[in-house]
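Analysis of the macromolecular model
For reference, the chains in residue letters:
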Amino acid sequence: MSKSIPQSYSLGNKGVIIALTVIVLWFTSLIFLLNTEMSWSNPLTYLGILVQMHLYTGLFITAHDAMHGIVSPNKKVNHAIGWISAILFSYNFYWKLFPKHHEHHRFVATEKDPDYHASGNFFRWYLSFLLQYVTIWQILLMAGTFNILKLFLPTENLIAFWMIPAILSTLQLFYFGTFLPHMGNAHNRHHSYSQSKNHIWAFFSCYFFGYHYEHHDSPGTPWWNLWKVKEEYTKSGKPSND
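Residues numbered from 1 in each chain as written. Predicted model: local features only at pLDDT ≥ 70, side-chain atom pairs only at ≥ 80, totals over all residues. Heavy atoms only, no water.

Concerning the layout of surface pockets
- A volume near 720 Å³ is recorded for the largest pocket.
- Taken together, 31 residues make up the lining of the largest pocket; nearest its centre are Phe60, Phe89, Asn92, Phe129 and Thr170.
- Counting residues per element, the ones that place at least two in the lining of the largest pocket are helix H3 (43-67), helix H5 (94-106), helix H6 (122-133), helix H7 (136-149), helix H8 (155-182) and helix H10 (212-217).
- For the lining of the largest pocket, the element with the most residues is H8, which contributes eight residues.
- Class assignment for the residues of the lining of the largest pocket results in 18 nonpolar, twelve polar and one charged.
- Estimates place the volume of the second largest pocket at around 250 Å³.
- In terms of lining residues, the second largest pocket is bounded by 16 residues, among which Trp26, Phe27, Leu30, Leu149 and Trp162 are the most central.
- When contributions to the lining of the second largest pocket are tallied by element, the ones reaching two or more residues are helix H2 (13-34), helix H4 (75-88) and H7.
- With five residues, H2 is the largest single contributor of residues to the lining of the second largest pocket. (1 Å grid on protein atoms, 1.4 Å probe; cavity = no way out; pocket = protein on both sides within 12 Å on 5 of 7 lines; lining within 4 Å. Points joined across faces, edges and corners; volume = space filled by probe spheres on them. Helix = DSSP H or I, 4+ residues; strand = E, 2+ residues; numbered from the N terminus. Nonpolar A, V, L, I, M, F, W, Y, C, P; charged D, E, K, R; others polar.)

Shown next as structure tokens:
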């Protein structure tokens, strides 16, 4: 049985507060950046893109935690926040993501795992990853929203701070949350590698999901507590990469 942090520890108002903070920060940052005069020669433009990319990733991680039921102990609130977070991330559909993610946990690194590609090739795997989750409806909704927003906002800002960060975020999620953890053949029961303990890098790279064995071993732990599981496993000498 997977080791999980008790529900009383992982759930509650803190989960909702953190989830809403991520959503509000994404909105606030986006509105500010879309209304800022930008220049491709200004280094702050690229900083803005990276900040927005990281917040996009936070939206997906929030939706992911909702799929595990660990944003709120209230199921309706939990799923509502998950649904909103997924929609804000380029019109992803929460109830389409939900079964696929649980298939990933049940059949990790096998042919039944929708997130896995046996070739191990980065580009083929990334394309397969996108084809699993990107739908024609998402593309149409993004295109329609873009054409409406550009009537009111600068096109360059929309491209730089709304579209590019979303694309980069898929790379961030794929590379740190799927490719590195499941590349090769990890000889443990979760078929998952875990990055070395470095909490600062783990947060900025992918909201602690580089601690991927720990996530699979303790799926009842929210992203913001995964570092504690890493600490516990490190102190106990529990292997995660063998």
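Concerning unusual backbone geometry
- If you check the backbone angles, Tyr207 has positive phi at about 55° while not being a glycine.
- When its relative accessible area of 3% is taken as the criterion, Tyr207 is described as buried.
- One non-glycine residue, Phe208, lies in positive phi territory at about 70°.
- Mapping Phe208 onto the fold places it in the loop between helix H9 (199-206) and H10. (Buried < 20%, exposed > 50% of the residue type's maximum accessible area, 1.4 Å probe, protein only.)

Focus: a nonpolar patch on the surface
- Among the surface-exposed residues, Val134, Ile136, Trp137, Ile139, Leu140 and Leu141 lie close enough to one another that they form a single nonpolar patch of about 600 Å² accessible area.
- Along the chain, Leu141 falls in helix H7.
- Its relative accessible area of 33% is what places Leu141 among the partly exposed residues. (Patch = residues over 30% accessible without salt bridge, like charges linked within 9 Å, V, L, I, M, F, W, Y side chains within 5 Å. Areas by Shrake-Rupley, 256 points an atom, 1.4 Å probe, with all protein chains shown as cover. Salt bridge = Lys/Arg side-chain N within 4 Å of Asp/Glu carboxyl O.)

A short note on empty space enclosed by the protein
- The full count for this structure, using the stated rule, is one cavity of 30 Å³ or more.
- Quantified by volume, the largest cavity comes out at close to 40 Å³.
- Around the largest cavity, the lining residues are Gly15, Ile18, Ala19, Thr62, Asp65, Ile70, Val71, Trp223 and Trp224.
- If you list the elements that add at least two residues to the lining of the largest cavity, you get H2 and H3.
- In terms of residues, the lining of the largest cavity owes the most to one element, H2, which gives three residues.

Topic: the packing of H7 against H8
- Closest axis-to-axis distance for the H7/H8 pair is 10 Å, and the angle between their directions is 140°. Between H7 and H8, the angle is such that the two are oblique. At the point where H7 passes H8, the crossing takes the right-handed sense. Contacts between H7 and H8 involve Met142, Thr145, Phe146 and Leu149 from the former and Thr155, Leu158, Ile159, Trp162 and Met163 from the latter. (Axes fitted to C-alpha atoms, helices over the stretch in contact; angles between N-to-C directions. Parallel < 35°, antiparallel > 145°, perpendicular 65-115°, else oblique. Left-handed = near helix turned anticlockwise from the far one by under 90°. Contact = heavy atoms within 4.5 Å.)

A look at the pattern of salt bridges
- Within the structure shown, the criterion is met by three salt bridges.
- Ionic pairing is found between Lys197 and Glu231, a salt bridge with its closest N-O pair at 3.6 Å. Placement of Lys197 in the loop between H8 and H9 and of Glu231 in helix H11 (residues 226-236) is noted, with a sequence separation of 34 residues between them.
- Residue Lys197 is classed as partly exposed on the basis of its relative accessible area, which comes to 43%.
- Here Glu214 and Lys230 are joined by a salt bridge, their closest N and O atoms 3.3 Å apart. In this pair, Glu214 sits in helix H10 while Lys230 sits in helix H11, placing the two residues 16 residues apart along the sequence.
- Take Lys230: its relative accessible area is 6%, and that puts it in the buried class.

What about the nonpolar core?
- One finds Trp26, Tyr56, Leu59, Phe161, Trp162 and Trp223 to be the most contacted residues of the largest nonpolar core, which totals 50 residues.
- With residues near it in sequence (within four places) discarded, Trp162 still touches Leu30, Tyr56, Met142, Thr145, Phe146 and Asn157. (Core = buried A, V, L, I, M, F, W, Y, C linked by side-chain atoms within 4.5 Å.)

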